[in-house]
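# A structural walkthrough
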Amino acid sequence: MKAEMYTDNTALQAAEFTQILKTNKLKITQPRLRVLETISTKTAAISQPELEKILGAEIDRVTLYRILASFEEKGILHKVFDLNGTATYALCSTKCTEHHHHDQHVHFICSVCNSVFCLDETAAPKISLPHGFTLHSIAVNAVGLCNDCKEK
Ligand SMILES: [Zn+2]
Ligand SMILES: [Zn+2]
Ligand SMILES: [Zn+2]
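These remarks concern the structure in this document. (Residues numbered from 1 in each chain as written. Chains lettered and ligands numbered in written order. Predicted model: local features only at pLDDT ≥ 70, side-chain atom pairs only at ≥ 80, totals over all residues.)

Across a sheet, strands are paired by hydrogen bonds formed along the backbone, either parallel or antiparallel in direction. Strand order in the open sheet made by the 3 strands is β5-β4-β6, with mixed pairing throughout. The outermost strands of the open sheet, each flanked by one partner alone, are β5 (116–123) and β6 (141–144). The average undirected angle you get between the axes of adjacent strands in this sheet is 30°. (Pairing = 2+ DSSP bridges. Helix = DSSP H or I, 4+ residues; strand = E, 2+ residues; numbered from the N terminus. Axes fitted to C-alpha atoms, helices over the stretch in contact; angles between N-to-C directions.)

A word on the pairing of strand β4 (residues 105–110). Looking at chain direction, β4 and β5 are connected through 5 bridges and run antiparallel. Bridge assignment links Phe108 to a residue of β5, and that residue is Phe117. What sits between the antiparallel neighbours β4 and β5 is a turn of 5 residues, in which Asn114 has the positive phi angle 65°. Across 4 bridges, the pairing between β4 and β6 is parallel. Counterpart to His107 in the pairing with β6 is Asn141.

Have a look at this one:
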């Protein structure tokens, strides 16, 4: 395993992650903290296979799967599908609670590297539904080139 680079505010972040788990009444475990830490260091959303590559030596696949599922249920992470239909995970806004996600923002997906970015400032459009329909979620994607892919 490659040594991770830590910045000066690692301690502060660790405290924040502990708080997130406490707020959501999840037991504070090393694997849960590691998943939060790993996701928070990424600017793009991250898929389970990518997380396995980074954390595979520490966290087995089943545990990782359960952590992601519970984080999604608790409103800690939201799931976004990339252009291949692979689920990627991004940290939620603090407004999200158990079973109630409020991440109704547009996502940007790079057509070259398939990275998914939350556009927190761009709200998804209001949807007027036919009578009797119920809305569960809105997925609006903007597709283009990310900064990394544009430079090449
Ligand atoms: Zn959410
Ligand atoms: Zn890209
Ligand atoms: Zn998002």
